[in-house]
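One-letter residues, chain by chain:
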Amino acid sequence: MRSSSFVLSLLMFILAPLTVIAWESSGVNVLYTMEDLVDSSYGAVTTADSVKFVITELITISAGDTLLIDPGDSLCFQKISPVIVLKINGYLLADGTAQNPIVFTSNESSPDTSNWGRIEFEKNPAGSIFDHCNISYAATALSCDSSALATISNVNISKVGSNGLSLKNSSPTISNCTLTDFAGSGIVCTGNSAPLLGGSLAASNTMYNALPPTGFTFKNFTANTITATHNNWGTPSYTYIDSIIVDDDEGPYGQVVFIPIYDVIPPQSIADLAASLADTNVSLTWSAVTTDTSGSQENLSHYVIYRDTTAYFNPQSSDSIAASTDTFYTDFTSNVGDVSTNSFYLVMAADDAGNKSALSNRVGEYDYALKTTTGSDYTWIVFCLGDTDLVMTSDLWDHIEAHSSDSTTCKTIAEWNATAQTYNKYLGIPFTDFPLQPGHAYRVEISDETIWTLTGDVLPSDSVSFQLKTTTGSDYTWISIPLHLDSLQMTSDLWDHIEAHSSDNTTCKTIAEWNATAQTYNKYLGIPFTDFPVRPGRAYRVEITADAVWPYFSKGLRQFRRALHTR
C-alpha cells in the first residue's frame, strides 16, 4: 500500500506543471547593482569576475526598486525551459557607452536564437534608461507593456527568435538603434502604442532583417499614426519599404509615416587588395565586403577600381578605370613593361545607396630595364613593393627569371654593405643567400636584356629608412627614394631632402646613379650643371659627411633639421 502511494506521488510530481524558479527584489525603494544581486539573489545571479554575470532564474525588479548596470557589464542568461526573463516593474538604469556597451546575451558556448526570453518592462514609471546596449539570442529582445520608458537609444538587437521590440500601450522614443536578423518582426506595436522612430531626431534607426526580409519589419496593430521617418530600411525603394510594413494598407490600423532615405553608413574598406602579374597585365583580387562600418549587413552594389601613375595618389573620378561586381579585376591597359611609367591601384566598395568605403590598401607594379653590355651586365633595382613571397635573395633571383619580358637568367645579386664599404653577393648557391629588405636597392647581373616587373603592396610611407654611413675609406650608402616622396624631381631635391630630414647633422658630398646602358655613374656634385632627374623607386648612391638615418620620422628632430638647413 505504501509502495503504491509512493508511486502515485512520484507520478503526480512528474506530471505536475513546471514551476518557474524566480527571485524578486524587496520592493522597498532599494538600489541594486549587479554585485548586489549576486550577494542577495540566492544563486539566481552568479559571477566569476566583475563584468560577466550569469542569470539562472527569472529576475524581477519590483516597483519602487532600481537595478543599476554598469557600462561594460555582460548579463548572460542560462538556457532553460521556460526561458528566463529579466522583468522590470521598477527602474532600470542600463546606461552603457559606445566604448563599453552593456551586453545581454546567451550563456551558451554555441548560442542560438531564443536561448533566453526577454527584457520586460511592465507598468513601470518614467525614469528608466536603456542606452548603448547590445541584445542577442533572445526570444524577444525588449517587451514594453504599459511602460513609460522614455528613450531606447543606441541599442543593437540581433539574432532574435521572434520580435525585436514588442510594444503594448507604450510609446518610447527609439533612436539610433539597429535591429537585424530577427525571425519575427523588428518592431510590433499593439494597444495604444505610438512610438517615435527617427522623426525630427538627428539619430535614425537601421531596421531590416537578413535581406530580403523573410517577414515584416514593422507592424502597427494600433489605430495611431506612427512617425517612422529618417530610418534606414535597407533600401531607398518606397514600394519595398511599404511591403515590409503592416499598417492601414493591411487592415483597420493607423498609418506608418516613413520617408525612403538612402543609407548613409559606408561599407567597410578593403584591407587585402593584392596585385599579381598575369602575362603582361595586372591582376587584382580582394575579399568581399559584407558589412558596413557599423558592423551591420551591407547591401553592396559594386567595387570601383582606381589607377594612377603615383603610388600615393588621392583618387579622383578621372582615375576610375572600372566598376566590378566581382572580387577580382584584370587591368589590360596597365603600364606593365613601360619603365618610365608605372601603375598603382586602389579599390573602394560602393553600396546600393552610393556610399563608398574608405581607401583600400595600395598596390602596384614597377618595371626595371635590366641591361647587358660587352663589358659588365649590372643593373640596380629596388625591392620597392611588398611581396610576402620574396624573403631571401634566392626568391628575388627566381622572381626575376619568372617575371621578365624575355628569357634571362641571373648571374649574381649583390647588396652594398655600407659599414664594410663592400658588397654581399648571392651567387646562386645556398650558403651565399641573405635576407631581402623591403625598400632597399640591389645590384643584379643577368645573362640577357629584359624588362622585369615587380608587383605587390605599396610600402607604408614610414617603413623605409637607411643608415647613411661614413668610414675611414669611402662614405657611400646605396639608397632608394621611397614611393611617397614623388615631390623629389631632381638630384638637387634629393640632396636637400637628405640634409633636412636626417637624424643627425650631415651634409652630402655626392649623389650618383648607375647608368646601366653605359655601365658607369652619373654624378651630382652639388653644382647645377651636374644635376639630373630622379624617380621614386630608383636606386642612388649617396656620399655624406656624418653618420645619419634618412628619412628620419621623429617630428621634432625633423623640424630641427629643417631649421638647420635653412640657416
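Report on the accompanying structure. As the structure is a prediction and not an experimental result, all values here were calculated from the model.

The next thing to look at is the overall build of the protein. Check the secondary structure of the protein and you find 6 helices and 43 strands. For the protein, the C-alpha radius of gyration of 34 Å lies well beyond 24 Å, the compact-globule estimate for 567 residues. Each of the three principal axes of the protein carries a C-alpha extent, and together these read 115 × 60 × 55 Å. Here the protein holds 567 residues, and the buried ones make up 47% of them. Accessible area of the protein: about 25100 Å², with a carbon and sulfur share of 52%.

Three- or four-residue spacings in an α-helix give side chains the same orientation, since the helix completes a turn every 3.6 residues. Every buried residue belonging to helix α4 (residues 393-402) is among T393, S394, L396, W397, H399 and I400, and all of these are buried. In this fold, the buried residues of α4 make contact with β31 (363-370), β32 (378-382), β34 (410-417), β35 (422-426), β36 (441-446) and β37 (450-458).

Further remarks concern a nonpolar patch on the surface. On the surface, L427, I429 and F431 cluster together to form a nonpolar patch covering roughly 330 Å² of accessible area. Here L427 is to be found in the loop between β35 and β36.

Pairing is antiparallel across the open sheet formed by 6 strands, whose spatial order is β28-β27-β30-β31-β37-β33. Two strands close off the open sheet at either side, each with one partner strand: β28 (320-324) and β33 (385-386). Bridge count for strand β30 (residues 343-351) against β31 is 3 bridges, and the pairing is antiparallel. Bridge pairing in β31 places F344 opposite G364. Packing of α4 onto the sheet brings it into contact with β31 and β37, and relative to β37 it is tilted by some 120°.

Time to look at the environment of Y426. Checked against the element boundaries, Y426 lands in strand β35. For the pair formed by Y426 and S81, sequence separation is 345 residues and the distance between their alpha carbons is 71 Å. Residues contacting Y426, with those up to four places away along its chain left out, are T393, S394, W397, K411, T412, I413, T432, D433 and F434.

Across the junction of S81 and P82, the peptide omega takes the value -5°, indicating a cis bond. Mapped onto the elements of the fold, P82 is located in the loop between β7 (74-77) and β8 (85-88). That bond from W550 to P551 is cis: its omega, -15°, falls within 30 degrees of zero. Note on placement: P551 falls in the loop between β43 (548-550) and α6 (555-566). Although it is not a glycine, S146 sits at a positive phi angle of roughly 55°. Relative to the assigned elements, S146 resides in the loop between β13 (142-145) and β14 (151-160). Look at S146 and you get partly exposed, because its relative accessible area is 32%. Here K159, not a glycine, exhibits a phi torsion of approximately 55°, which is positive. On the secondary structure map, K159 appears in strand β14. Overall, K159 belongs to the partly exposed group, its relative accessible area being 32%.

By volume, the largest pocket amounts to about 470 Å³. Looking at the largest pocket, it is lined by 20 residues, and the ones nearest its centre are W380, E513, W514, A516 and R538. It is strand β40 (residues 508-515) that contributes the most residues to the lining of the largest pocket, 3 residues altogether. Here the lining of the largest pocket is composed, by residue class, of 11 nonpolar, 5 polar and 4 charged.

Formed by 56 residues in total, the largest nonpolar core has its most connected members in F104, F130, I135 and I187. Once residues within four sequence positions are removed from consideration, I135 is found in contact with F104, W116, I119, F130, A141, L142, V155, N156, I157 and S158. Residues Y366, Y368, I400 and V458 belong to the second largest nonpolar core, which totals 40 residues.

Moving on to the sheet that holds β40. Spatial ordering of the open sheet is given by β39-β42-β40-β41, a layout of 4 strands whose pairing is antiparallel. Two strands in the sheet have a free side with no partner beyond their single neighbour: β39 (476-480) and β41 (520-524). Across this sheet, the average inter-strand angle for adjacent strands is 30°, counted without regard to direction. Sheet analysis places β40 next to β41, joined by 5 bridges and oriented antiparallel. When the bridges of β41 are listed, N515 appears paired with T520. Helix α5 (residues 491-500) contacts β39, β40, β41 and β42 (539-544) of the sheet and is inclined by roughly 135° relative to β40.

Right, let's get into the packing of aromatic side chains. Tallied over the entire structure, the rule returns 18 aromatic pairs. Aromatic pair Y368 and W452: ring centres 5.7 Å apart, planes at 25°, arrangement stacked. With Y368 in strand β31 and W452 in strand β37, the pair connects residues that are 84 residues apart, well separated along the chain. Residue classification places Y368 among the buried positions, given a relative accessible area of 1%. Ring centres of W416 and Y423 lie 4.9 Å apart, and the angle between their planes is 75°; this geometry places the pair in the edge-to-face category. Using a relative accessible area of 18% as the deciding quantity, one classes W416 as buried. An aromatic cluster of three or more residues is present, and its members are W380, W416, Y423, W478, W514 and Y521. If you follow R362 out to its NZ or CZ, it ends over the ring of F313, 5.7 Å from the centre. Stacked on the ring of Y423, the Lys or Arg R443 has its end atom at 4.2 Å from the ring centre.

On to the pairing of β36. In terms of burial, β36 is a largely internal element, 6 of the 6 residues being buried. As paired strands, β32 and β36 are joined by 5 bridges and run antiparallel to one another. Bridge pairing in β36 links I381 to Y442.

Before going further, it helps to examine the pairing of strand β15 (residues 165-168). A one-sided burial pattern is seen for β15, the buried positions being L165 and L167 and the unburied ones S166 and K168. Sheet analysis places β13 next to β15, joined by 4 bridges and oriented parallel. Of the residues in β15, the one forming a bridge with C144 is L167. Of the pairings in the sheet, the one linking β15 to strand β18 (residues 187-190) comprises 4 bridges and is parallel in character. Its bridge partner being in β18, K168 is matched across the sheet by T190.

The rules behind the values
- Residues numbered from 1 in each chain as written.
- Predicted model: local features only at pLDDT ≥ 70, side-chain atom pairs only at ≥ 80, totals over all residues.
- Heavy atoms only, no water.
- Helix = DSSP H or I, 4+ residues; strand = E, 2+ residues; numbered from the N terminus.
- Rg over C-alpha atoms; globule rule 2.2 N^0.38 Å.
- Buried < 20%, exposed > 50% of the residue type's maximum accessible area, 1.4 Å probe, protein only.
- Areas by Shrake-Rupley, 256 points an atom, 1.4 Å probe, with all protein chains shown as cover.
- Contact = heavy atoms within 4.5 Å.
- Patch = residues over 30% accessible without salt bridge, like charges linked within 9 Å, V, L, I, M, F, W, Y side chains within 5 Å.
- Salt bridge = Lys/Arg side-chain N within 4 Å of Asp/Glu carboxyl O.
- Pairing = 2+ DSSP bridges.
- Axes fitted to C-alpha atoms, helices over the stretch in contact; angles between N-to-C directions.
- 1 Å grid on protein atoms, 1.4 Å probe; cavity = no way out; pocket = protein on both sides within 12 Å on 5 of 7 lines; lining within 4 Å.
- Points joined across faces, edges and corners; volume = space filled by probe spheres on them.
- Nonpolar A, V, L, I, M, F, W, Y, C, P; charged D, E, K, R; others polar.
- Core = buried A, V, L, I, M, F, W, Y, C linked by side-chain atoms within 4.5 Å.
- Phe/Tyr/Trp six-rings, centres within 6.5 Å; stacked < 30°, edge-to-face > 60°.
- Lys NZ or Arg CZ within 6 Å of the ring centre and 35° of its normal.

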